[in-house]
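These are the residues of each chain, in order.
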Amino acid sequence: MNIPFDIILQLFVVICAVAAITVRDLLSAVMILGAYSFFMCLMWAQLGAVDVAFTEASVSAGIGTILLVAAVLKTTRRTKD
Amino acid sequence: MKTLSLIVSIIVGAFLMYGTIDMPAWGDPDSPASTHVSPYYITHTEVDTATPNMVTSVLADYRGYDTLGETTVIFTAGMACILLLRRRGGRNKDRG
Amino acid sequence: MDFIIAKYNYWIYITLMMIGFYAMIAKTNLIKKIIGMNIFQTAIILFFVSISYKRGGATLPILTDADAHGGHVIDVAQYLNPLPHVLMLTAIVVSIATLGVALAIAIMMYRKYHTLEEDEILKAIK
């Protein structure tokens, strides 16, 4: 396993997680969560779990992001924290 | 409230990190999770199911009832979403 | 130093999990709480997937041609552990189901109270 690539992925995942809960715009938060899901998918592909990575890329990063965007567009983008 | 939540999160995280001291090393081939039940799946999957992909054979063949339950969960969630988001017409319009 | 190299992956998973936990208990916006729940679930799934990893040249849990038709004894240490992968496939799909139901409840609350902030909803209920 390539150790530096592993560390880069873990760093990006943690940065995306922190950014997704601190940004003050809900649509941006949802988009950052989609990026988080794709980084997580890369991480699983690198751990050898290719089936889980496929499922994550299609189900969680695809359908989950679509559901969240639809919910934000149906309600509001404004948030206090 | 925010500082209290942060303190609670840090304390729980510290306890969980204390728990990792007794975990097997990361990626250890001789960890208990890799030595008890999974060698059966790895060695018998070709004989039992004639499928080279072990994940598929375990998902659809050895643990097919598990997948059936998962489908039930998805069906229940879909029914709950439809029932919650349906716009009710008629008398009780204010209920959404 | 060996101890840190053997365990630091677990600490990163715990950090992710605590980020999600903090978002769930501290944020007042409902969508932010749902995002925190998603991060929490993903961190737990990542922990389970990492249990199945084996250092030292183990490949994907798909049998090669030589092992599938050779008839000789299969070396277990050569393949990753397939069982956590299967269980986590189920967990991902269930997490999407819970996300859908949570978002449906959030949309319903917005239709009734016209806000997503928890404190304003509590004020409107009183």
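Parameters at a glance
- Counting restarts for each chain, with residues numbered from 1 along the sequence as it is written.
- Each chain is given a letter, starting from A, and each ligand a number, starting from 1, according to the order in which they appear as written.
- Selection of residues for local features in this predicted model requires a pLDDT of at least 70, selection of side-chain atom pairs for listing and counting requires 80 or more, and totals for whole chains, interfaces and linings are taken over all residues.
- Note that water and hydrogens are dropped before the side-chain values are worked out from all heavy atoms of the structure.
- The helix and strand labels rest on DSSP assignments: H or I over at least four residues marks a helix, E over at least two residues marks a strand, and numbering proceeds from the N terminus.
- Think of it in three bands: with a 1.4 Å probe and only protein chains considered, a residue is buried below 20% of the maximum accessible area for its type, exposed above 50%, and partly exposed in between.
- Reported accessibility uses the Shrake-Rupley method at a 1.4 Å probe radius. Residues are deemed covered only where the shown protein chains occlude them.
- Residue contacts are counted whenever heavy atoms from the two residues lie within 4.5 Å of one another.
- Two parts lose some accessible area (1.4 Å probe) when they are put together, and adding that loss for both gives the buried area.
- Within this document, salt bridges are pairs made up of a side-chain nitrogen of Lys or Arg and a carboxyl oxygen of Asp or Glu, the two lying within 4 Å of each other.
- A 3.5 Å cut-off defines polar contacts: any pair of N or O atoms within that distance qualifies, except that in protein one atom must be a possible hydrogen donor and the other a possible acceptor, and neighbouring residues in sequence count only when both atoms are side-chain atoms.
- Residue type decides the class: Asp, Glu, Lys and Arg count as charged, Ala, Val, Leu, Ile, Met, Phe, Trp, Tyr, Cys and Pro as nonpolar, and the leftover types, Gly among them, as polar.
- Here the expected length of a helix is defined as 1.5 Å per residue gap, with one fewer gap than residues.
- The directions from the helix axis to the C-beta atoms are what the arc is built from.
- Axis definition: a line fitted to C-alpha atoms, over the contacting stretch in the case of helices. Angles run 0 to 180 degrees between N-to-C directions.
- Roughly parallel means an angle under 35 degrees; roughly antiparallel means over 145; roughly perpendicular covers 65 to 115; every other angle is labelled oblique.
- Helix crossings get a hand from a simple test, with the near helix turned counterclockwise from the far one by less than a right angle marking a left-handed crossing and a clockwise turn marking a right-handed one.

Undergrad: Summarise the overall build of chain B; cite the residues concerned and give the values.
TA: Counting its secondary structure elements, chain B contains 5 helices and 0 strands. Counting from the amino terminus, chain B carries its helices and strands in the arrangement α-α-α-α-α. By its C-alpha atoms, chain B is 65 × 50 × 15 Å across when sized along the principal axes. Across the 96 residues of chain B, 24% fall into the buried class. Per element, the accessible surface of chain B, about 6,400 Å² overall, is 67% carbon and sulfur.

Undergrad: Can you explain the interface of chain A and chain B? Please cite residues and give values.
TA: Listed by partner, the interface residues are 4 residues for chain A and 4 residues for chain B. Between chain A and chain B the total buried area reaches about 330 Å² when both faces are included, carbon and sulfur atoms providing 57% of it. Here chain A is connected to chain B by 0 salt bridges. Run the count over chain A and chain B and you get 0 residue pairs in polar contact (both at pLDDT 80 or more). Looking at the side of chain A that touches chain B, its residues break down into 2 nonpolar, no polar and 2 charged.

Undergrad: Before we move on, can you summarise helix H4 (residues 82-113) of chain C with the specific residues and values?
TA: All names here are of chain C. Between its first and last C-alpha atoms H4 spans 47 Å; for 32 residues at 1.5 Å apiece the expected length is 46 Å, and the two agree. Among the residues of H4, the N-terminal cap falls to Asn 81, whose side-chain oxygen and the backbone nitrogen of Leu 83 are separated by 3.4 Å. Positioned one or two residues after H4, His 114 has a phi angle of 60°, which is positive.

Undergrad: How would you summarise helix H1 (residues 2-19) of chain B if you had to cite specific residues and measurements?
TA: Here H1(B) is 18 residues long and its end C-alpha atoms lie 26 Å apart, about the 26 Å a rise of 1.5 Å per residue gives. Along H1(B), the residues classified as buried are B:Ser5, B:Ser9 and B:Gly13. Projected down its long axis, H1(B) shows its buried positions confined to an angular sector of 65°, all on one face. Among the exposed residues of H1(B), those pointing more than 90 degrees away from its buried face are B:Thr3, B:Leu4, B:Ile10, B:Phe15 and B:Tyr18. For H1(B), the secondary structure elements touched by its buried residues are helix H1 (2-26) of chain C.

Undergrad: How would you summarise the interface of chain C and chain B if you had to cite specific residues and measurements?
TA: Across the boundary between the two partners, chain C contributes 48 residues, which contact 47 residues of chain B. When chain C packs against chain B, the two sides together hide about 4,500 Å² of surface, and 73% of this comes from carbon and sulfur. Applying the counting rule to chain C against chain B returns 0 salt bridges. Counting every contact that joins chain C to chain B gives 13 residue pairs in polar contact (both at pLDDT 80 or more). In terms of residue count, the dominant contributor to the side of chain C that touches chain B is H4(C) (17 residues).

Undergrad: An account of the packing of helix H4 (residues 54-62) of chain B against H4(C) is needed here, citing residue identities and associated values.
TA: Relative orientation of the contacting elements H4(B) and H4(C) amounts to 55°, with a least axis distance of 9 Å. Relative to H4(C), the element H4(B) lies oblique. Judged by the twist between their axes, the crossing of H4(B) over H4(C) is right-handed. Across the interface between the two elements, B:Met54, B:Val55, B:Val58 and B:Leu59 of H4(B) pack against C:Pro82, C:Leu83, C:His85, C:Val86, C:Leu89 and C:Thr90 of H4(C).

Undergrad: Could you give an account of the pattern of salt bridges, with specific residues and numbers?
TA: Applying the stated rule across the entire model yields 4 salt bridges over all chains. Between A:Asp25 and A:Arg77 there is a salt bridge; the shortest N-O distance is 2.7 Å. Residue A:Asp25 is located in the loop between helix H1 (3-22) and helix H2 (26-47), and its partner A:Arg77 is located in the segment after helix H3 (50-74); the two are separated by 52 residues in the primary sequence. Classification of A:Asp25 as buried rests on a relative accessible area of 19%. Overall, the relative accessible area of 43% leaves A:Arg77 in the partly exposed class. Across the pair C:Glu118 and C:Lys33 runs a salt bridge, and its minimum N-O distance is 3.8 Å. Of this pair, C:Glu118 sits in helix H5 (residues 118-125) while C:Lys33 sits in helix H2 (residues 30-51), placing them 85 residues apart in sequence.

Shape descriptors only; they carry no functional weight alone.
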